[in-house]
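# Report on the structure
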Amino acid sequence: MLKLHSMDRSRIADSNINKIIQILYKHRELTKHDIAAISHLSIPTVTNNLSKLIEDGLVTESGVAESTGGRKPVLVKLVPDSRFSLGVDISPLKVRIILTNLFTEIRAEAEFELDGLKDMTKIMNKIKTYILDMLEKNNIKDWQLTGVGFSIPGTVNKEKMILEMAPNLGVKNIDFHDFSDVFDYPIYIENEANAAAYGESILGSLPKEKSNSIYISITEGLGVGIIMNGELYKGSNHRAGEFGHMRIGSAEKECQCGRVGCWELYGSEKALLTAYNEVSKHNVQDIHEFFQKYEEKEAAACNTLDSYLEYLARGIQNIILGLDPKYIVIGGKISEYKHVLLPLMRKKVFTSNTFYNEIETKLLFSDLNKNASLLGASLIPLKNLLYSNMEIRKWR
Ligand SMILES: [Zn+2]
């Protein structure tokens, strides 16, 4: 099995194999002549590489196409459940894990509460227990896994595998090399908003074009992923997009990052619920419960949402002024209420300004809702297999 695993990786590095996988991923079902025509590879090269892929179980013969004279040509396609990937989202309150197949279809999910646990080694070991259980229940072997992608709310240097700072998790300078022995497969780390932006670009609501886009991830904190000309923009020190900590409000509000008046203190899901609970004297901990009160037209809920959206819009306006994006996508659990939020937000963001308008800058809500960062994280290990370079490309 291990032999197959290592062979698998060397084959993935082979650009012709990679090209064929990508073509099959995009077109789903083709003959070898189709593949040769699209890839500009010779028929013998395609045939030879297809045999290797069939031997590895990644590709299968799926029937025959109509004949253009002579024998009917054989169709081939990728086997979606031949390889898998894991996405793990670590948030301040809980850890969520998904198992996805080659087509990013979710095959299994699990989650556990952190209950104040901040020790990253203990968290990682617990994640491993859940992963092993998930693999066993789904009868998946180690070599079928392309790896684990972690989505973490903090500044992440993914090349050095270091989580530099995660104020909301209460940890800093965590070297993920320390956990490479915990898992028997490659691990990758990414900032939560960047993972979500990546997921959104490949699978979500962003249009199929290389654009300048902003993804605003509203969770217990608030993070921003920046996509420039179709690629994630990281900045010189991998810290780009920390708009959640730009000052937007009063000096009296202190943030866990050490600054005051940070946007996430006004624009996060936690900020919305805290503000509502202060006014209403309720103890609502769930966004769905809040929106139920809003839809019942409860005054406290309506007023809180109005002032929350005012702050949210203020931050978005600053980002538009600075970066001039074509699309702004708001994601997180809150995006399930886009029917309520979109008209209100459009009004707040686009009224009374002379710099931009609704036609040039489109405001969208995520289709992936709370799963954007998880799906994005699970796509990272698959990237070498499915995408030819670091570029974000739409295959669907
Ligand atoms: Zn802050």
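Above this note sits the structure.
Right, let's walk through the structure included here. (Residues numbered from 1 in each chain as written. Predicted model: local features only at pLDDT ≥ 70, side-chain atom pairs only at ≥ 80, totals over all residues. Heavy atoms only, no water.)

### Observations concerning the layout of surface pockets
In this structure, the largest pocket occupies an estimated 1,200 Å³ of space. Thr219, Glu220, Glu269, Lys270 and Ala271 are the residues nearest the centre of the largest pocket, which is lined by 45 residues in total. Breaking the lining of the largest pocket down by element, the ones donating at least two residues are β5 (94–101), β6 (106–113), α6 (192–203), β12 (213–218), α7 (264–267), α8 (269–280), α10 (299–323) and α12 (372–386). When residues in the lining of the largest pocket are grouped by element, the largest group, nine residues, is from α8. Looking at which domains feed residues into the lining of the largest pocket, each of domain 2 (82–197 + 373–386) and domain 3 (205–367) gives three or more. Volume-wise, the second largest pocket comes out at about 480 Å³. Taken together, 35 residues form the lining of the second largest pocket, with Pro153, Gly154, Thr155, Asn191 and Glu242 sitting closest to its centre. Broken down by secondary-structure element, the contributors of at least two residues to the lining of the second largest pocket are β4 (84–90), β8 (155–157), β9 (162–166), β11 (187–191), α6 and β13 (222–228). Here the lining of the second largest pocket is composed, by residue class, of 12 nonpolar, 12 polar and 11 charged. Two domains each provide a minimum of three residues to the lining of the second largest pocket, namely domain 2 (82–197 + 373–386) and domain 3 (205–367). (1 Å grid on protein atoms, 1.4 Å probe; cavity = no way out; pocket = protein on both sides within 12 Å on 5 of 7 lines; lining within 4 Å. Points joined across faces, edges and corners; volume = space filled by probe spheres on them. Helix = DSSP H or I, 4+ residues; strand = E, 2+ residues; numbered from the N terminus. Domains from an automatic or database assignment. Nonpolar A, V, L, I, M, F, W, Y, C, P; charged D, E, K, R; others polar.)

### What about the sheet that holds strand β3 (residues 74–78)?
In spatial order, the strands read β1-β3-β2; together these three strands make up an open sheet with antiparallel pairing. Pairing within the sheet leaves two strands with one partner each, and these edge strands are β1 (29–31) and β2 (59–64). The mean inter-strand angle of the sheet, taken between neighbouring strand axes irrespective of direction, is 40°. Both β1 and β3 contribute to a ladder of three bridges, which runs antiparallel. Bridge assignment links Thr31 to a residue of β3, and that residue is Leu75. Sheet contacts for helix α3 (residues 32–39): β1 and β3; angle to β1, the most-contacted strand, approximately 90°. (Pairing = 2+ DSSP bridges. Axes fitted to C-alpha atoms, helices over the stretch in contact; angles between N-to-C directions. Contact = heavy atoms within 4.5 Å.)

### A few points about the coordination of the zinc ion
Within the protein, His245 (ND1), Cys255 (SG), Cys257 (SG) and Cys262 (SG) serve as the donor atoms for the zinc ion, at 2.0 to 2.3 Å. Considering all four donor atoms around the zinc ion, angles at the metal cover 104 to 118° and the coordination shape is tetrahedral. (Donors = N, O, S within 2.8 Å, 3.2 Å for Na, K, Ca; no water. Tetrahedral: all angles 85-135°; square planar, octahedral: opposite > 155°, others 65-115°.)

### Regarding the sheet that holds β13
By definition, the strands of a sheet pair up through backbone hydrogen bonds, in either a parallel or an antiparallel sense. Reading across the sheet, the five strands line up as β14-β13-β12-β15-β16 and stay open at both edges, with mixed pairing between neighbours. For this open sheet the edge positions go to β14 (231–232) and β16 (362–365), each flanked by a neighbour on one side alone. The pairing of β12 with strand β15 (residues 327–331) spans five bridges and is parallel. Note on β15: the bridge partner recorded for Tyr215 is Val329. Where α6 meets the sheet, it contacts β12, β13, β14 and β15, and its direction lies at approximately 50° from that of β13. Against the sheet, helix α11 (residues 338–350) makes contact with β15 and β16, and its axis sits at roughly 155° relative to β16, the strand it touches most.

Bear in mind that shape data such as this cannot, by itself, settle questions of function.
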